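A closer look at the structure
The chain contents come next:
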Amino acid sequence: MLPEENQLLTQTGPGKPCGELLRRYWQPAALSEELPPGGAPLPLTLLGEELVLFRDDQGRLGLIDGHCAHRGADLSYGRLEDGGLRCIYHGWLYDVKGKIIDMPGEADGGKSFRDSICHKAYRVQERGGVIFAYMGPGEPPLFPSYQFLNAPADRTFAIKLYSECNYLQGNEGNIDLAHLSFLHYNRNTLTRYGVGADVEQLNSRGAAPGQEAYDVEITDYGVRSYKIWHSAKPGFYHLYVTEFVLPNLTTFGGAGYAMGGYSVNWHVPIDDSRHWKYTFMYSTKDPISAETLRRSRAQMTPDYQPLNNRAN
């Protein structure tokens, strides 16, 4: 890929072609657990913009520019009161739509001119344990009616993980099926091939070099990827399928999940070189087990940073 092609696909700030594309879709902005009722305002960076997410004293969600329109103070330090978020510097009060509803330093509370000030605010919705934002122009598109966002609470679960690479690199990893039997090659992989689980049988060329085949299919909504590998049982084979859905999520099929469901990786840019990977787990049959939930958090810190990273 040429440098200019890479920039076209990975520069996600305001006014950039890819940034404008991503803004025309609903995107995950935060986990619901990060902003419980009565919780402090949450600072976040999304598509290169510094924002603050909050629930007002009536529980309504707001996502607005993270800096006060008056003197640029950080609104994540603001107070939740009187129907909005109050800046702690001069007391300007913002509602969930970014409208200024009080200016204590003005004789009339700013009524004579506060409506002329337009503070950036974005539409938000809360589904499936995640708060989503629409950051594009005009009316937002219909919210996607994915099963994993509408399932009963005990059959779906969402988590996120900080990723020190751009969102496109995360998406590429999802549909690169050749790496699964090499990078993720372990005893469980051997058992899947019917080879046995003795560590001595691990080798430097992956689980089954030469025994796998790959194919892709362009779909109306993205790319479908296939991996086929031979089963230990003569005449049978295993089929693994992923679905990449434009512009930035991938689903992984259900046969390999004990709960009988699937998972989704949704890669959301923080900026041009970092992103959050949101993972949704969905069970079509049974409630998701506590052990599954425990494992989903085992390799990360409380603030969703990977325990294994460049530093160590």
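On a predicted model such as this, the values are computed, not experimentally measured, just so you know. (Residues numbered from 1 in each chain as written. Predicted model: local features only at pLDDT ≥ 70, side-chain atom pairs only at ≥ 80, totals over all residues. Heavy atoms only, no water.)

1. Examining the nonpolar core
The criterion, for reference: Only buried Ala, Val, Leu, Ile, Met, Phe, Trp, Tyr and Cys residues count toward a nonpolar core, and they belong to the same one when joined by side-chain atoms within 4.5 Å. Buried, partly exposed and exposed residues are distinguished by accessible area as a fraction of the type maximum, computed with a 1.4 Å probe on protein chains only: under 20%, between the cut-offs, and over 50%, respectively. Only heavy atoms enter the contact rule, under which two residues are in contact if any of them lie within 4.5 Å.
By size, the foremost hydrophobic cluster in this structure holds 47 residues, and its most contacted members are Leu46 and Phe280. Contact partners of leucine 46, with chain neighbours within four places excluded, come to Pro28, Ala29, Leu51, Ala133, Met135, Val268, Pro269 and Ile270.

2. Quick notes on helix H4 (residues 167-175)
Our working rule: Each helix corresponds to a stretch of at least 4 residues labelled H or I by DSSP, and each strand to a stretch of at least 2 residues labelled E; elements are numbered beginning at the N terminus. Starting at the helix axis, one direction is taken to each C-beta atom, and the arc is that of these directions. Any pair of nitrogen or oxygen atoms within 3.5 Å is treated as a polar contact; in protein, a donor-acceptor pairing is required on top of that, and neighbouring residues in sequence qualify only through side-chain atoms on both sides.
For H4, the set of buried residues is Tyr167, Leu168, Gly170, Asn171 and Asn174. Down the axis of H4, the buried set is contained in an arc of 160°. They therefore lie on one face. Against helix H1 (3-10), helix H2 (17-22), strand E14 (237-245), strand E15 (249-252), strand E16 (261-269) and strand E17 (275-283) lie the buried residues of H4. Where H4 begins, the side chain of asparagine 166 points an oxygen toward the backbone nitrogen of leucine 168, at a separation of 3.0 Å.

3. Notes on the side chain of aspartate 95
This is how the line gets drawn: Neither His nor the chain ends is counted toward charge; the positive residues are Lys and Arg and the negative residues Asp and Glu. The salt bridge definition used is simple: a Lys or Arg side-chain nitrogen within 4 Å of an Asp or Glu carboxyl oxygen.
One can find aspartate 95 in the loop between strand E7 (93-94) and strand E8 (100-102). Comment: no salt bridge for buried aspartate 95; closest opposite-charge side chain is lysine 99, at 5.8 Å. At 2.8 Å, the side chain of aspartate 95 and the backbone nitrogen of lysine 99 are in polar contact. In contact with aspartate 95, not counting residues within four places along its chain, are Phe54, Ile64, Gly83, Gly84 and Ile101.

4. Topic: the confidence of the model for the protein chain
Formally: The predictor's confidence in any single residue is recorded as pLDDT, a number from 0 to 100.
Scored by pLDDT, the protein chain comes out at a mean of 89, with 90% of its residues at no less than 70. Scored below 50 in pLDDT, residues 255-259 makes ten contacts in the model with residues more than four places away or belonging to other chains.

5. Topic: the pattern of salt bridges
For the coordinates displayed, the defined rule picks out 19 salt bridges. With a shortest N-O distance of 2.7 Å, aspartate 271 and arginine 274 are connected by a salt bridge. Given the relative accessible area of 28%, arginine 274 is considered partly exposed. The closest approach of N and O atoms between arginine 295 and glutamate 291, which form a salt bridge, is 3.7 Å. Of this pair, arginine 295 and glutamate 291 both sit in helix H6 (residues 290-297), four residues apart, which is roughly one turn of that helix. A residue is classified by how much of its surface remains accessible, and glutamate 291, at 36% relative accessible area, is partly exposed. Among the charged side chains, a salt-bridge network with shared partners connects Arg79, Glu81, Asp82, Arg86 and Asp102.

6. As for the pairing of E17
How we decide: Two strands are counted as paired when DSSP detects at least two bridges linking them.
The element E17 is largely enclosed, with a buried count of eight among its nine residues. Across eight bridges, the pairing between strand E11 (residues 156-163) and E17 is antiparallel. Of the residues in E17, the one forming a bridge with serine 163 is histidine 275. Where E16 folds back on E17, the antiparallel hairpin that results is connected by five residues.

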